[in-house]
There are 6 protein chains.
Amino acid sequence: MALSARNHLEGTVTDVETGQVMAEVVIELGDGQEVTSTITRNSFERLDIEPGDEVAAVIKASEVMVSNN
Amino acid sequence: MALSARNHLEGTVTDVETGQVMAEVVIELGDGQEVTSTITRNSFERLDIEPGDEVAAVIKASEVMVSNN
Amino acid sequence: MALSARNHLEGTVTDVETGQVMAEVVIELGDGQEVTSTITRNSFERLDIEPGDEVAAVIKASEVMVSNN
Amino acid sequence: MALSARNHLEGTVTDVETGQVMAEVVIELGDGQEVTSTITRNSFERLDIEPGDEVAAVIKASEVMVSNN
Amino acid sequence: MALSARNHLEGTVTDVETGQVMAEVVIELGDGQEVTSTITRNSFERLDIEPGDEVAAVIKASEVMVSNN
Amino acid sequence: MALSARNHLEGTVTDVETGQVMAEVVIELGDGQEVTSTITRNSFERLDIEPGDEVAAVIKASEVMVSNN
């Protein structure tokens, strides 16, 4: 299976937090930068992930802004 | 100024491509992974960026999916 | 690989249109309803899809609105 | 009123779940496929929907990815 | 018809620009602030809008970030 | 710092509501129209905002739909 989303950033789960409907997952990339994701709690439970797991942050290119420092 | 968007991934512009309305910007992170962004051509011209520039990819947490390898 | 995005709608590509940076893909579902997607032209070419192909429209739950008829 | 969002998928609400700020709504399409939506709890209450109601899932084309099976 | 999207900002179209696949629409609100939208060219043509028309910018709450000046 | 996101709508926070993972912020613009935003509770706490504060609603152009009244 190939997905059109251009961005697959591989990293390690470092933190998870769950509410009734939503969950927050923090992923650390290879260079130490962090990516935070909010997904539904149902998706979170279906993925069955926990800190230490290797995952990818997947992001559609249209959702990425650019900041000029 | 502080922005609610949780994800600011610093990197270097490696490629840009422009159409009539949209532009595509490729950013390489510190660990060699790439992030692709599509923004309007007007935003692209206002930011005045080109390959080699240090920028950040800014992404709202709600736009980040998680993939369980 | 499992992706957190909850929505995978299977269908058949019925139309494609390409610009310099973006491409539009129309997918017909099993009940005749259509889903339109805009992705980058680069993603479109990498997926190598054309009318008649079986694909899935993948959508993060946070992007879906509800309309009460 | 006409909305630019290209995708209006008609279906029936099959499940709802509410948290303090967010709500999750599951909609079954005519061909049996399901679409999950997360909206604010306030929007959910304003729409006044419950399982069995006929609604539409509305999605902007830029939010739809394509997966090549 | 009621839509879950919380934000309907009424204004006047002040500028439009079209590419092959995408179109950009600029809307001026009552207090002089501007909202820029990118939609597909097909949606733009279906809406049949031009400068001077009264429209609304519709935005899902999950897409709005907050900046603390 | 300049951000590619085209839309920075200045206003005043009029209401906030927090859940375990998400928070909802309501911003009133100069012409009395309201913008609702959902961000993570962590972002909300980091921004340290409360009713009466001057903030901006920041929105990527690709997330804005147009409605033809």
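Residues numbered from 1 in each chain as written. Chains lettered and ligands numbered in written order. Predicted model: local features only at pLDDT ≥ 70, side-chain atom pairs only at ≥ 80, totals over all residues. Heavy atoms only, no water.

Caption draft 1: Highlighting the overall build of chain A. Looking only at helices and strands, chain A features 1 helix and 6 strands. Going from N to C terminus, chain A has its helices and strands arranged as β-β-β-β-α-β-β. Expressed along its principal axes, the backbone C-alpha trace of chain A runs to roughly 35 × 25 × 25 Å. The buried share of chain A, taken over its 69 residues, is 59%. Intrachain contacts of chain A at a sequence separation of at least 6 include 40% that bridge at least 24 residues. When the accessible surface of chain A is summed, it comes to about 2,500 Å², and 37% of that surface belongs to carbon and sulfur atoms. (Helix = DSSP H or I, 4+ residues; strand = E, 2+ residues; numbered from the N terminus. Buried < 20%, exposed > 50% of the residue type's maximum accessible area, 1.4 Å probe, protein only. Contact = heavy atoms within 4.5 Å. Areas by Shrake-Rupley, 256 points an atom, 1.4 Å probe, with all protein chains shown as cover.)

Caption draft 2: Broad picture of the interface of chain C and chain D. The partner chain D presents 37 residues to the 37 residues of chain C that form the contact. Summed over both sides, the interface between chain C and chain D buries roughly 3,200 Å², with carbon and sulfur atoms accounting for 53% of that surface. Between chain C and chain D we count 2 salt bridges in total. Ionic pairing is found between arginine 6 of chain C and glutamate 24 of chain D, a salt bridge with its closest N-O pair at 3.5 Å. In this structure, the connection of chain C to chain D is made through 19 residue pairs in polar contact (both at pLDDT 80 or more). Taken together, the elements giving at least two residues each to the side of chain C that touches chain D come down to strand S2 (7-18), strand S3 (22-29), strand S4 (34-40), strand S5 (54-59) and strand S6 (65-68) of chain C. Taken together, the residues of the side of chain C that touches chain D sort by class into 17 nonpolar, 11 polar and 9 charged. When S5 of chain C meets strand S6 (residues 65-68) of chain D, the two strands line up antiparallel, connected through 4 bridges. Its bridge partner lying in S6 of chain D, alanine 57 of chain C is registered against valine 66 of chain D. (Buried area = accessible area lost by both parts, 1.4 Å probe. Salt bridge = Lys/Arg side-chain N within 4 Å of Asp/Glu carboxyl O. Polar contact = N/O pair within 3.5 Å; in protein donor to acceptor, adjacent residues only side chain to side chain. Nonpolar A, V, L, I, M, F, W, Y, C, P; charged D, E, K, R; others polar. Pairing = 2+ DSSP bridges.)

Caption draft 3: Fine view of the side chain of serine 4 of chain A. For serine 4 of chain A, the location among the structural elements is in the loop between strand S1 (2-3) and strand S2 (7-18). Each residue touching serine 4 of chain A, except ones within four places of it in the same chain, is listed here: Ile39, Ser43, Arg46 and Leu47 of chain C together with Met65 and Val66 of chain D.

Caption draft 4: Just the UniProt feature "domain: Mop" (unreviewed entry) in chain A, in detail. UniProt tags residues 2-68 of chain A as "domain: Mop" (unreviewed entry). Between the first and last C-alpha atoms of residues 2-68 of chain A the distance is 31 Å; the span itself is 10% helix and 58% strand. (UniProt positions renumbered as here; feature names shortened; annotations may be inferred.)

Caption draft 5: Representation of the environment of histidine 8 of chain A within the structure. Among the secondary structure elements, histidine 8 of chain A is positioned in strand S2. Along the backbone, histidine 8 of chain A and glutamine 20 of chain A are 12 residues apart, and their C-alpha atoms lie at a distance of 27 Å.

Caption draft 6: Spatial organisation of the sheet that holds strand S1 (residues 2-3) of chain D. Spatially, S1(D)-S6(F)-S5(E)-S2(E)-S3(E)-S4(E) is the arrangement adopted by the 6 strands of the open sheet, whose pairing is antiparallel. Every other strand in the sheet has two partners, leaving S1 of chain D together with strand S4 (34-40) of chain E as the edge strands with one partner each. Sheet topology note: the S1 of chain D/strand S6 (residues 65-68) of chain F ladder contains 2 bridges and is antiparallel. Bridging across to S6 of chain F, leucine 3 of chain D finds its partner in serine 67 of chain F.

Caption draft 7: Region of the structure containing the sheet that holds strand S5 (residues 54-59) of chain D. Judged by pairing direction, the sheet is antiparallel, and its 6 strands sit side by side in the order S4(D)-S3(D)-S2(D)-S5(D)-S6(C)-S1(E) without closing on themselves. Looking along the sheet, the strands with just one partner apiece sit at the ends: strand S4 (34-40) of chain D together with strand S1 (2-3) of chain E.

Caption draft 8: View of the relation of the copies chain C and chain D. Once turned by 180° and shifted 0.0 Å along the axis, chain C lies on chain D with an RMSD of 0.0 Å. Both copies of the chain, as the preceding transformation shows, are related through a two-fold rotation axis. Across chain C, the rotation axis passes nearest the C-alpha of aspartate 31 of chain C, at a separation of 2.5 Å. Taken as a fraction of all interface residues of chain C, those also at the interface in chain D reach 100%, which identifies the copy contact as same-surface. (Least-squares fit on C-alpha atoms with pLDDT ≥ 70 in both.)

Caption draft 9: Spatial organisation of the environment of glutamate 10 of chain E. Counting through the fold element by element, glutamate 10 of chain E comes out in strand S2 (residues 7-18). It is 8.4 Å that separates the C-alpha atoms of glutamate 10 of chain E and glutamate 28 of chain E, two residues lying 18 residues apart in sequence. If near-sequence neighbours (up to four positions away) are discounted, glutamate 10 of chain E is found in contact with Leu29, Gly30, Val55 and Ala56 of chain E together with Gln33 of chain F.

Caption draft 10: Looking closely at the side chain of glutamine 33 of chain C. Take glutamine 33 of chain C: it is sitting in the loop between S3 and S4. Its relative accessible area of 15% is what places glutamine 33 of chain C among the buried residues. Here the side chain of glutamine 33 of chain C touches glutamate 10 of chain D through a polar contact of 2.7 Å, landing on its backbone nitrogen. If sequence neighbours within four positions are ignored, glutamine 33 of chain C has contacts with Ile27 and Glu28 of chain C together with His8, Leu9, Glu10 and Leu29 of chain D.

Caption draft 11: Here's a closer look at unusual backbone geometry. Here aspartate 48 of chain A, not a glycine, exhibits a phi torsion of approximately 55°, which is positive. Position of aspartate 48 of chain A relative to the elements: it lies in the loop between helix H1 (41-47) and strand S5 (54-59).

Caption draft 12: The arrangement of the environment of aspartate 48 of chain B in detail. Note on aspartate 48 of chain B: relative accessible area 62%, which makes it exposed. Excluding its chain neighbours within four sequence positions, the residues that come into contact with aspartate 48 of chain B are Asn68 of chain A together with Asp53 of chain B.

Caption draft 13: Structural detail: a negative patch on the surface. Residue and element names in this part refer to chain A. Taken together, the side chains of Asp15, Glu17, Glu28 and Glu34 present a region of like negative charge at the surface. With respect to the helices and strands, the residue glutamate 28 is situated in strand S3 (residues 22-29). The class of glutamate 28 is partly exposed, set by a relative accessible area of 35%. (Patch = residues over 30% accessible without salt bridge, like charges linked within 9 Å, V, L, I, M, F, W, Y side chains within 5 Å. Lys, Arg positive; Asp, Glu negative; His and termini not counted. Charge placed at Lys NZ, Arg CZ, Asp CG, Glu CD.)

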